[in-house]
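# Architecture and fold: a report
One letter stands for each residue in the lines below.
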Protein chains: 4
Amino acid sequence: MASTFRTTRRVEFCDTDAAGIAHFGSFFDFMEQAEHELLRSRDLSVFMNDDTGIISWPRVAAKCEFQSSARFEDILDIEVSIARLGEKSITYAFRFRLEETDVASGEITSVCCRMTDQSPPEPIVIPQWFRDKLGA
Amino acid sequence: MASTFRTTRRVEFCDTDAAGIAHFGSFFDFMEQAEHELLRSRDLSVFMNDDTGIISWPRVAAKCEFQSSARFEDILDIEVSIARLGEKSITYAFRFRLEETDVASGEITSVCCRMTDQSPPEPIVIPQWFRDKLGA
Amino acid sequence: MASTFRTTRRVEFCDTDAAGIAHFGSFFDFMEQAEHELLRSRDLSVFMNDDTGIISWPRVAAKCEFQSSARFEDILDIEVSIARLGEKSITYAFRFRLEETDVASGEITSVCCRMTDQSPPEPIVIPQWFRDKLGA
Amino acid sequence: MASTFRTTRRVEFCDTDAAGIAHFGSFFDFMEQAEHELLRSRDLSVFMNDDTGIISWPRVAAKCEFQSSARFEDILDIEVSIARLGEKSITYAFRFRLEETDVASGEITSVCCRMTDQSPPEPIVIPQWFRDKLGA
């Protein structure tokens, strides 16, 4: 199973809201950015081509729980791990911390899909080469 | 118990992403906007003053599941209902549809808090006048 | 020349920042939304098809000056007019007001382009049918 | 006069739009982030305290011109310089490039203000200690 991936994200001014803290919706963007960073670290991307065309990863679920808050210019420590690896989907788990304080934890579930212009994304079995690179 | 509140939201260009659809993170903003609209419809707001100071509603949890997708200029039908009314918290449930097609469904849980400049938000029992106006 | 188009936009919570006001960047989204609304009011869109393919309107310039600020739940009055109509481009001018107070004024210049998958957008002369509908 | 400050910014998925490129509005957030990075590099911030209270920098103008476009995961090279240093305001100039290709160039003008809760921001002369640290 893949080890935990660690990254950081500074809270930018456009991430904040009038309550003076990072807007709860920003954490979903932070999770997505961390997921993409994990993929890049393993030479993968959410948009890839194989012989048949484009493979991408539409989200089917996302959630986040908030334990405390973060402010402008705080640097969040982010841990990403693979919580569940299915036949056709991956669930990533995220933990956000400011030093020793838990800020938020969440999950995103993405489905491996064949993308075409004409029809909706079609779920496919995650290719073996993707699993191998993911180390999962 | 409060009846279901209905509103609509047009998908704006800035809500879309390079997959050609409304970005999954936008739905969290759409849910928040619909929650605030429900409150306004009942002469309430997420920021209110009583004799003691400011009352607001920090989020402790948010989640969304996606059944299909929405595109630029689509007009989403949104249903908001109160899924759980606790002593100190409210969980709102949301359903997004395009005509007869389910697009997404989600929840936001907000905690009634006394806000101060000096310390973190302090959870309080939801005031009776708030419950009365909410009709819940 | 087209008459002034008027619309409104409520400042949503996700539009605000930790200074307690609508983030300056939000006004560029507000301008774009008002431009799209003007087009829809004239049965036009920023993405249209003619016999040859897709026509769209990439931005080449945008600017905004700020006279005062707007807060959460303020309803901005927005005026849109066509400041310059060129052979291949349109410059829209925007004024934002809260009752009698000037809040911001800006411009967006968009270029009429033939869109293709293979190459960058190619500027074209604005079709006569577009000008006719625009009333400009 | 301060030398040019250089930084980079990856285009994240939430920065893109349905035209498949970084949304024009994202560049205003990119400019603001680069401005804040420049300030941090000189041990300054857009929110600082002196003996009298909080000093901040509301924007009075922002503009951007677009020469080409950027896509998901592109890494933009950003140059920031101080275009004009007034008695009470600073105009920052920005250039965005992808390798040798010009992508966009813009400006933000910020006014040095004393911030209070009760009244609008009050423009003040930029303190000498701020100018000294800025090296401008």
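Residues numbered from 1 in each chain as written. Chains lettered and ligands numbered in written order. Predicted model: local features only at pLDDT ≥ 70, side-chain atom pairs only at ≥ 80, totals over all residues. Heavy atoms only, no water.

### Comments concerning the sheet that holds strand β2 (residues 48-50) of chain D
All names here are of chain D. Ordered by their spatial adjacency, 4 strands build an open sheet running β2-β3-β8-β9, and the pairing between neighbours is antiparallel. Only two strands of the sheet have a single neighbouring strand rather than two, namely β2 and β9 (122-123). Sheet analysis places strand β8 (residues 113-115) next to β9, joined by 2 bridges and oriented antiparallel. Looking at β9, one finds that Arg-114 is bridged to Glu-122. (Pairing = 2+ DSSP bridges. Helix = DSSP H or I, 4+ residues; strand = E, 2+ residues; numbered from the N terminus.)

### Comments concerning the confidence of the model for chain A
Taken as a whole, chain A shows an average pLDDT of 94; of its residues, 98% reach a score of 70 or greater. Reported confidence for the predicted complex is 0.94 by ipTM and 0.96 by pTM. (pLDDT = per-residue confidence, 0-100.)

### Things to note about the sheet that holds strand β5 (residues 75-85) of chain D
Taken in spatial order, the 10 strands make up an open sheet running β1(C)-β5(C)-β6(C)-β7(C)-β4(C)-β4(D)-β7(D)-β6(D)-β5(D)-β1(D), and their pairing is antiparallel. The open sheet has two edge strands, β1 (5-10) of chain C together with β1 (5-10) of chain D, and neither has a second partner. For this sheet, the mean inter-axis angle between neighbouring strands, taken without regard to orientation, is 20°. With 6 bridges joining them, β1(C) and strand β5 (residues 75-85) of chain C adopt antiparallel strand pairing. Across the sheet, C:Phe5 pairs through a bridge with C:Val80, a residue of β5(C). Along the sheet, helix α1 (residues 26-41) of chain C contacts β1, β4 (59-66), β5, β6 (89-98) and β7 (101-111) of chain C together with β4 (59-66) of chain D; its crossing angle with β4(C), the most-contacted strand, is approximately 120°. (Axes fitted to C-alpha atoms, helices over the stretch in contact; angles between N-to-C directions. Contact = heavy atoms within 4.5 Å.)

### What to know about the interface of chain B and chain A
In this complex, chain B contributes 16 residues to the contact, which on the side of chain A involves 16 residues. Carbon and sulfur atoms make up 66% of the area that chain B and chain A hide from each other, which totals about 1,400 Å². Its largest share of buried area at the contact with chain A, chain B owes to B:Phe24, B:Phe28 and B:Phe66, together 33% of the area lost on that side. At the junction of chain B and chain A, the tally comes to 0 salt bridges. In terms of residue count, strand β4 (residues 59-66) of chain B provides more of the side of chain B that touches chain A than any other element does, 8 residues in total. Per-class residue counts for the side of chain B that touches chain A are 10 nonpolar, 1 polar and 5 charged. (Buried area = accessible area lost by both parts, 1.4 Å probe. Salt bridge = Lys/Arg side-chain N within 4 Å of Asp/Glu carboxyl O. Nonpolar A, V, L, I, M, F, W, Y, C, P; charged D, E, K, R; others polar.)

### Considerations on the relation of the copies chain B and chain D
Note on the copies: chain B fits chain D at an RMSD of 0.0 Å, the axial shift is 0.0 Å, and the rotation between them is 180°. In symmetry terms, the pair is related by a two-fold rotation axis. Among all residues of chain B, the minimum C-alpha distance to the rotation axis is found for B:Asp17, at 2.0 Å. The share of interface residues of chain B whose copies in chain D are also at the interface is 100%, consistent with both copies meeting through the same surface. (Least-squares fit on C-alpha atoms with pLDDT ≥ 70 in both.)

### A closer look at helix α1 (residues 26-41) of chain D
All names here are of chain D. Its 16 residues place the ends of α1 23 Å apart at the C-alpha level, agreeing with the 22 Å of an ideal helix rising 1.5 Å per residue. Across the 16 residues of α1, 12 count as buried, placing the element largely inside the fold. When α1 is considered as a whole, its buried residues turn out to be Ser-26, Phe-27, Phe-28, Phe-30, Met-31, Glu-32, Gln-33, Ala-34, Glu-35, His-36, Leu-38 and Leu-39. (Expected span 1.5 Å × (residues − 1). Buried < 20%, exposed > 50% of the residue type's maximum accessible area, 1.4 Å probe, protein only.)

### Considerations on the interface of chain B and chain D
Counting residues at the interface gives 8 residues for chain B, matched by 8 residues for chain D. For the pair chain B and chain D, the summed buried area comes to about 680 Å², and 71% of that belongs to carbon and sulfur atoms. The largest per-residue losses of area from chain B upon contact with chain D belong to B:Phe13, B:Ala18 and B:His23, which jointly make up 57% of the total buried on that side. Our count for the contact surface shared by chain B and chain D stands at 0 salt bridges. Inspection of the chain B/chain D interface yields 4 residue pairs in polar contact (both at pLDDT 80 or more). (Polar contact = N/O pair within 3.5 Å; in protein donor to acceptor, adjacent residues only side chain to side chain.)

### Some remarks on the relation of the copies chain B and chain A
Each of the two chain copies can be generated from the other by rotation about an axis followed by a shift along it. Under the fitted operation, chain B is carried onto chain A by 0.0 Å of movement along the axis and a turn of 180°, and the coordinates agree to an RMSD of 0.0 Å. Taken as a fraction of all interface residues of chain B, those also at the interface in chain A reach 100%, which identifies the copy contact as same-surface.

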